[in-house]
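Report on the structure
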Amino acid sequence: MDKPFQTYDDTSDAATCAPRLAALRAELKKRGLDGFVVPHSDQHMGEYLPAYAERLAWLTAFTGSAGAAVVLTDKAAVFVDGRYTLQVRNQTDTKLFEPRDLVAEGPQGWISGNLPKGAKLGYDPWLHTAHGVQHLKLAAEKAGGTLVAVERNPIDAVWSDQPAPPVSPAKPHALNLAGEQSEAKRIKLGEGLKAAGTEAAVITLADSVCWLLNIRGSDVPHTPFTLAFAILHDDGGADLFLDPAKRIPELMAHLGNSVQVHSPEQFAGALDAMKGKSVLVDPATAAAAIFDRLGKAGAKIKHGADPCQLPKACKNSLEIEGMRKAHIRDGAALARFLSWFEANAASGELTEIDAAQQLEGFRRATGVLSDVSFDTISGAGSNGAIVHYRVTRSTNRTIGKDEMFLLDSGAQYPDGTTDVTRTIMVGEPTPEMRDRFTRVLKGHIALATARFPDGTIGMQLDSFARRPLWEAGLDYDHGTGHGVGSYLSVHEGPQNISKKPVMQKLMPGMVCSNEPGYYKAGAFGIRIENLVVVTQPEDLGGERKMMGFETITLAPIDLALVEPALLTASEKGWLNLYHARVRDTLSHLLDEETRTWLDRATQTI
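Rules used in this analysis
Residues numbered from 1 in each chain as written. Predicted model: local features only at pLDDT ≥ 70, side-chain atom pairs only at ≥ 80, totals over all residues. Heavy atoms only, no water. Pairing = 2+ DSSP bridges. Helix = DSSP H or I, 4+ residues; strand = E, 2+ residues; numbered from the N terminus. Axes fitted to C-alpha atoms, helices over the stretch in contact; angles between N-to-C directions. Contact = heavy atoms within 4.5 Å. Parallel < 35°, antiparallel > 145°, perpendicular 65-115°, else oblique. Nonpolar A, V, L, I, M, F, W, Y, C, P; charged D, E, K, R; others polar. Phe/Tyr/Trp six-rings, centres within 6.5 Å; stacked < 30°, edge-to-face > 60°. Buried < 20%, exposed > 50% of the residue type's maximum accessible area, 1.4 Å probe, protein only. Lys NZ or Arg CZ within 6 Å of the ring centre and 35° of its normal. Domains from an automatic or database assignment. Buried area = accessible area lost by both parts, 1.4 Å probe. Expected span 1.5 Å × (residues − 1).

**Considerations on the sheet that holds strand S14 (residues 300-303)**
One open sheet accounts for 6 strands, arranged S12-S11-S10-S8-S13-S14; its pairing is mixed. Each of the sheet's edge strands pairs with one partner strand only, and the pair in question is strand S12 (259-262) and S14. Across the sheet, the mean angle separating the axes of adjacent strands is 20 degrees when strand polarity is ignored. Of the pairings in the sheet, the one linking strand S11 (residues 238-241) to S12 comprises 4 bridges and is parallel in character. Across the sheet, Asp 239 pairs through a bridge with Gln 260, a residue of S12. The strands touched by helix H8 (residues 182-195) are strand S8 (200-203), strand S10 (229-233), S11, S12 and strand S13 (278-281); relative to S10, the strand with the most contacts, the crossing angle is about 65 degrees.

**Re the packing of H8 against helix H9 (residues 206-213)**
Contact geometry for H8 and H9: axes closest at 7 Å, N-to-C directions at 115 degrees. Taken together, the axis directions place H8 and H9 in an arrangement best described as roughly perpendicular. Of the residues in H9, those touching H8 at Ser 182, Lys 185, Arg 186 and Leu 189 are Trp 211, Leu 212 and Leu 213. Residue classes in the contact of H8 with H9 are distributed as 4 nonpolar, 1 polar and 2 charged.

**Brief notes about the packing of aromatic side chains**
In this structure the tally under the stated criterion is 12 aromatic pairs. Ring geometry for Phe 452 and Phe 549: centres 5.2 Å apart, planes at 45 degrees, overall tilted. You can see Phe 452 sitting in the loop between helix H16 (431-448) and helix H17 (458-470) and its partner Phe 549 sitting in strand S27 (residues 549-551), a full 97 residues away along the chain. Taken as a pair, Phe 452 and Phe 549 share a single burial class, namely buried. Positioned above the aromatic ring of Tyr 518, the side-chain terminus of Arg 436 is 5.7 Å from the ring centre.

**Description of the domain arrangement of the protein**
Under the domain assignment used here, the protein contains domain 1 (14-157), domain 2 (171-312) and domain 3 (314-602). Taken together, the contacts link 14 residues of domain 1 with 21 residues of domain 2. Between domain 1 and domain 2 the total buried area reaches about 1300 Å² when both faces are included, carbon and sulfur atoms providing 69% of it. When the area that domain 1 buries against domain 2 is broken down by residue, the three leading residues are His 44, Trp 126 and Ala 130, summing to 43%.

**Quick notes on helix H5 (residues 130-142)**
Here H5 spans 18 Å end to end across 13 residues, near enough to the 18 Å set by a 1.5 Å rise per residue. Those residues of H5 that fall on the buried side of the exposure criterion are Ala 130, Val 133, Leu 136, Ala 139 and Ala 140. Tucked into the core, H5 has its buried residues touching strand S1 (35-39), helix H4 (106-114), strand S5 (120-123), strand S6 (146-149) and helix H12 (288-297). The positive-phi residue at the C-terminal boundary of H5 is Gly 144, with phi of around 85 degrees.

If you want it as structure tokens, here you go:
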């Protein structure tokens, strides 16, 4: 039997916090430091990290995909966003690490009020962006302290069994999937650099490097990244700093003569060699150490956005077609799972792990599954209210009668990445459950059917999804939509649909999630998530052309939780048309038993 992609081991233990915190404080004292900032990041500023870079989880036992900690000599705090407010209290020792709000306060807000006067606060310049360091510096100075860069991370000095950095092979991503040759991408971006009077760009984000060079790897769990730095030149040539252990003959042939491959140890020297050159670096995504090195070398640093991020987000026609095919395949696997779940959940014997394993099995049966795109969120009852709940053997529980089951999952196929959430009722829902679910559905439909002109940013659409909840005095503490890569990260930028004022406008070809939710702590969680593609501007007969969204996820929405009286005629029409499309697209891929179930699950209301 193939090794499962998702494991359910307990990787977090609050009992480890005290000895590890003590060891870190002893190391800081040895170095003459009064504190240290621990972000959730690696030198590529990734959201999903290789095991050796999980320093925040090692120290605090908090395993979420976003957060930070600040350790002082007599106190410490851990910072999380709204997705993790319940999880952090379940995982970390809150007597040692005080949970704080990552967004409203952040480390900088806490530092300014807690760092003692005259204290030296350490940070690793490879784990913070230039923008991030500026905020930390201002906070330390406001408190009367000093921010100090360290050469070697003190956590690495006390983490005795720290894993080694990954060295999985880097492989070519086929042209029929990428849709454009790497050389064509590099020449196009090089011309952009030249037009801006820039000679080179330092590329640090793993998804940018992989997209630019049409390569993929498996250095990061559930994400087909190969971790490497690159420097793009204005003539379209590039330098790639890649561990020799990751190089295979097919990769070297694929890269060609215009990409020079070096060892990672040579990256610093390449930055030193930029003296007098005009170099583009993104202060929002590149490590502060890169700016420090270029500055000392005498390079002319140009602050600007990573040139790969926007063209990567705007998928070409082959990538969009691949995403559609991946979602049809994934939809059939989901239909098989949902049919199986309905037949078995009423027994009261199914567990959260049973469900996640079964779903992975149906996806594996497609024959082309490369990985899951993240650890499946399989939450029954109150566990569903933990927004990014990760089931482990110790938290695993049976899926009980008359409770909701929230399943947020995704797959990595070579032609596309999927991310889908369905909330399923086992037994009979209460009127409150139906009301809340239907409000979430109304918000989902409002965003799915939105029309908007060129220049619209995600923040302007976010309230479309929240209004039905707001009308009842309800809300959710996460974004409504994130970007999704093409066989890359399940979370990508620069687009975003949330309350945050992210100024990137939505553009044709961008893939986003549409995932409003509602969470009643200690009771249940609801989320309905489909992926959508931003469509080309269309003439609606008015003065301006309008864009919209094409929904590409295909999976039934649980009608047992829908309160038809709360839906307008047009909302019912959307749901019926969506379900008809799901049925018509997937039926021929299913066995007779699942087809019968799908007919029932997508019936007209």
